[in-house]
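Take a look at the letters that make up each chain.
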Amino acid sequence: MVIDGERGGMDSDHDRSSADGGKDAWPQALNRPAEARDTPEAIPPNGVAPPDGAVPPNHAVTTPPAPPTPQAEPSVTGRGIAGLSSPYQVVAALALSLIGLLACTHVAMVFLHVAPSNTLTKEHGKTIDRWIYPEFEQNWKLFAPNPLQQNVAVHVRAEVADADGRRTTRWMNLTHEDAKGIRGNFFPSHVNQNELRRGWDFYVNSHDSENRPNGLRGDLSERYVRRIAMLRLSERDYGGTIERIQLRSATSSIAPPPWSAEKISTKPVYRVLPWWTVTSDDLPEHAAEKSREAARAEANQ
């Protein structure tokens, strides 16, 4: 009897659903598989089904495990020379060493071939030529002009007028004085290194072998050299007034090494300049002021 009553109630509910358009009260529950319908989480407690794709509350979400990452198999053998056996490694090392030695030798031979004449090229010139010609012939040079292989010293002397008359001083080596200021000095001055040397080169390049100016810069170079000489002479007390000065250069070739058969004379060759009369423009500033004061005092007397 109870079962029939319940059945009757179910039938009445079925009839109501059919009257409402044939829609079931739990369409989602009816469309689920049997396993889902037997679980309590399959039917929401409030009777409202969640939208499609939504996770109902109190429902555990399980994430599928990630596939395992494939691991690279370790290399069985090394690469390069390390992958060779010991005998082949020795052969490869010897071959690379031989190639490096040949490359360094070739670079050195080409450098000596294009470099200016020096002691190595004079002694081993034939060996260098046999290496270079004809396959590696070079038509250019590394440096031009050739480096200086001479020592050039500039000397000066003065004609001094004092109470006893006129006298000529001994030659003073200005280049030697500059060299003393350079040797042993970690920070030599620009004056000691370049002032006299460049001044003399300036004079030589602007004059011919007869000491005649060969351009517009000849007179300027003469005045420049005179001022350098007077600046050095003013540091010494000659006991009188310097009336005239004279400069000269002493050029001597560098002696060849003991093993060389080359014969070179090391005797200095002198280039003597004419006497120059000293003017107030040639004197240093303090010396020029003293000269002007002396001239004024003599005129007042």
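Everything numeric in this text was worked out from a predicted model, so none of it was measured.

Colleague: How should I be thinking about the overall build of the protein in this particular structure?
Modeller: In terms of helices and strands, the protein carries ten helices and six strands. With 301 residues in all, the protein has 22% of them scored as buried. Of the roughly 22900 Å² of accessible surface on the protein, a fraction of 56% belongs to carbon and sulfur atoms.

Colleague: Just checking my understanding: could you explain the packing of aromatic side chains for this structure?
Modeller: Geometry of an aromatic ring pair is reported as the spacing of the ring centres plus the angle between the planes. Counted according to the given criterion, the structure contains two aromatic pairs. Taken together, the ring pairs in this structure connect Trp200, Tyr203 and Trp276 into an aromatic cluster. In this arrangement the basic side chain of Arg248 is found over the ring face of Trp171, its NZ or CZ atom lying 4.3 Å from the centre.

Colleague: How should the packing of helix α4 (residues 86–114) against helix α6 (residues 125–132) be read in this particular structure?
Modeller: Where α4 meets α6, the axes come as close as 10 Å, and the angle between the chain directions of the two elements is 115 degrees. Here the hand of the crossing between α4 and α6 comes out left-handed. In contact with Thr105, His106, Met109, Val110, Leu112 and His113 of α4, α6 contributes Thr127, Ile128, Asp129, Trp131 and Ile132. The residue makeup of the contact of α4 with α6, split by class, is six nonpolar, four polar and one charged.

Colleague: Help me out: how do you make sense of the nonpolar core in this one?
Modeller: Most often, soluble globular proteins have nonpolar side chains that are buried together. Counting residues in hydrophobic clusters, the biggest one holds 21 residues, and the most contacted among them are Val156, Leu233, Ile242, Ile245, Leu247 and Trp276. Secondary-structure elements contributing two or more residues to this core are β1 (150–162), α8 (190–205), α9 (218–233) and β4 (241–253). With five residues, the single largest contributor to this core is α9. Within the second largest apolar cluster, five residues are counted, among which are Met109, Leu112, Ile128 and Ile132.

Colleague: How should the pattern of salt bridges be read in this particular structure?
Modeller: Two side chains that carry opposite charge are able to pair once their charged atoms sit near each other. A complete count under the given rule lists eleven salt bridges for this structure. Arg244 is the salt-bridge partner of Glu159, the closest N and O atoms lying 3.0 Å from each other. Within this pair, whereas Glu159 is found in strand β1, its partner Arg244 is found in strand β4, the two being separated by 85 residues in sequence. On the basis of relative accessible area, Glu159 is assigned to the buried category, the value being 12%. Across the salt bridge formed by Arg236 and Glu177, the nearest N and O atoms sit 3.6 Å from each other. Within this pair, whereas Arg236 is found in the loop between α9 and β4, its partner Glu177 is found in helix α7 (residues 174–182), the two being separated by 59 residues in sequence. The class for Glu177 is partly exposed, based on a relative accessible area of 29%. Bridged by salt links that share partners, the residues Glu159, Arg166 and Arg244 form one connected network.

Colleague: Would you take a moment to explain the pairing of β4 for this structure?
Modeller: Moving residue by residue along a regular strand, the side chains alternate between the two faces of the sheet. The pairing of β1 with β4 spans twelve bridges and is antiparallel. Among the inter-strand pairings, Arg157 is bridged to a residue of β4, identified as Gln246. As paired elements, β4 and strand β6 (residues 276–277) share two bridges and run antiparallel to each other. The partner of Ile245 across the bridge, within β6, is Trp276.

Colleague: Can you walk me through a nonpolar patch on the surface in this structure?
Modeller: A cluster of nonpolar residues, Ile81, Leu84, Tyr88, Leu96 and Ile99, forms a patch on the protein surface that exposes about 520 Å² of accessible area. By the secondary structure assignment, Leu96 is in helix α4.

Colleague: Explain unusual backbone geometry to me, please; I cannot follow it from the model alone.
Modeller: Leaving glycine out, the prevailing phi sign among residues is negative, and the prevailing peptide bond configuration is trans. In this structure, Asn211 is a non-glycine residue whose phi angle is positive, near 65 degrees. Tracing the chain through its elements places Asn211 in the loop between α8 and α9.

Colleague: Quick question: what am I supposed to make of the confidence of the model for the protein here?
Modeller: Should the pLDDT be low somewhere, the predicted coordinates at that spot are not to be read in detail. In the predicted model, the protein carries a mean pLDDT of 77, and 66% of its residues have values of at least 70. Note that residues 1–14 has pLDDT below 50 and, in this model, zero contacts with residues that lie over four places away or in other chains. Segment residues 16–30 is flagged for pLDDT under 50; beyond a separation of four residues in sequence, or across chains, it makes eleven contacts in the model.

Conventions we followed
Residues numbered from 1 in each chain as written. Predicted model: local features only at pLDDT ≥ 70, side-chain atom pairs only at ≥ 80, totals over all residues. Heavy atoms only, no water. Helix = DSSP H or I, 4+ residues; strand = E, 2+ residues; numbered from the N terminus. Buried < 20%, exposed > 50% of the residue type's maximum accessible area, 1.4 Å probe, protein only. Areas by Shrake-Rupley, 256 points an atom, 1.4 Å probe, with all protein chains shown as cover. Phe/Tyr/Trp six-rings, centres within 6.5 Å; stacked < 30°, edge-to-face > 60°. Lys NZ or Arg CZ within 6 Å of the ring centre and 35° of its normal. Axes fitted to C-alpha atoms, helices over the stretch in contact; angles between N-to-C directions. Left-handed = near helix turned anticlockwise from the far one by under 90°. Contact = heavy atoms within 4.5 Å. Nonpolar A, V, L, I, M, F, W, Y, C, P; charged D, E, K, R; others polar. Core = buried A, V, L, I, M, F, W, Y, C linked by side-chain atoms within 4.5 Å. Salt bridge = Lys/Arg side-chain N within 4 Å of Asp/Glu carboxyl O. Pairing = 2+ DSSP bridges. Patch = residues over 30% accessible without salt bridge, like charges linked within 9 Å, V, L, I, M, F, W, Y side chains within 5 Å. pLDDT = per-residue confidence, 0-100.

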